[in-house]
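Take a look at the letters that make up each chain.
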Amino acid sequence: MDDRIRNLLQIIGQEIMLYRDLTEHARKKAALLFAGKAEAVREHKIIEERFNRRLRNLENEMVHLVRDLCRTFGIPHEEFTLLKLADNLEQSLALEIRRRTALF
């Protein structure tokens, strides 16, 4: 497997986990807001900023990787989607990208 594809799959997996964590975090934060626990909400806001910073870093990594993959597979950058990339890959990789795209 091309290291770029492996890296892309890792980034997507990390983003999926971060979005799940952010969703859970938002539930807890909402409960704290409802309970009127302002100090705990402030602490959760700091954690939320860390999640968002990590997501931005992953997105930046993905942008650079996608540009390289677009050049390799002749996909115009503005038309790039994970599904278009999957159309250019071997069956097992294409299935994995489609599966993760559905989770995403």
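Just so we're clear, the structure is a prediction, and the values are computed from it rather than from any experiment.

Parameters at a glance
- Residues numbered from 1 in each chain as written.
- Predicted model: local features only at pLDDT ≥ 70, side-chain atom pairs only at ≥ 80, totals over all residues.
- Heavy atoms only, no water.
- Core = buried A, V, L, I, M, F, W, Y, C linked by side-chain atoms within 4.5 Å.
- Buried < 20%, exposed > 50% of the residue type's maximum accessible area, 1.4 Å probe, protein only.
- Helix = DSSP H or I, 4+ residues; strand = E, 2+ residues; numbered from the N terminus.
- Polar contact = N/O pair within 3.5 Å; in protein donor to acceptor, adjacent residues only side chain to side chain.
- Axes fitted to C-alpha atoms, helices over the stretch in contact; angles between N-to-C directions.
- Parallel < 35°, antiparallel > 145°, perpendicular 65-115°, else oblique.
- Left-handed = near helix turned anticlockwise from the far one by under 90°.
- Salt bridge = Lys/Arg side-chain N within 4 Å of Asp/Glu carboxyl O.

A. Highlighting the nonpolar core. Ile 5, Leu 8, Phe 80, Leu 85 and Ile 97 are the most contacted members of the largest nonpolar core, which has 25 residues in total. Only helix H1 (3-35), helix H2 (38-73), helix H3 (82-87) and helix H4 (91-103) provide two or more residues apiece to this core.

B. Geometry of the environment of Glu 96. Structurally, Glu 96 is set in helix H4. With ten residues separating them along the chain, Glu 96 and Ala 86 place their C-alpha atoms 8.6 Å apart. Within the local environment of Glu 96, its side chain forms a polar contact with the side chain of Arg 100, the two groups lying 2.6 Å apart.

C. Summary view of the packing of H1 against H2. Orientation of H1 relative to H2, taken along the N-to-C sense of each, is 160 degrees, at an axis distance of 9 Å. Judged by the inter-axis angle, H1 sits roughly antiparallel to H2. Here the hand of the crossing between H1 and H2 comes out left-handed.

D. Highlighting the pattern of salt bridges. The tally for this structure, following the rule as stated, stands at eleven salt bridges. A salt bridge links Glu 39 to Arg 42; the shortest N-O distance between them is 3.1 Å. Taken together, the residues span about one helical turn, with Glu 39 and Arg 42 both in helix H2 at a distance of three residues. A relative accessible area of 48% places Glu 39 in the partly exposed class. For Arg 100, the salt bridge goes to Glu 96, with nearest N and O atoms at 2.6 Å. Taken together, the residues span about one helical turn, with Arg 100 and Glu 96 both in helix H4 at a distance of four residues. Each member of the salt-bridge network shares a partner with another, and the members are Asp 2, Arg 4, Asp 68 and Arg 71.

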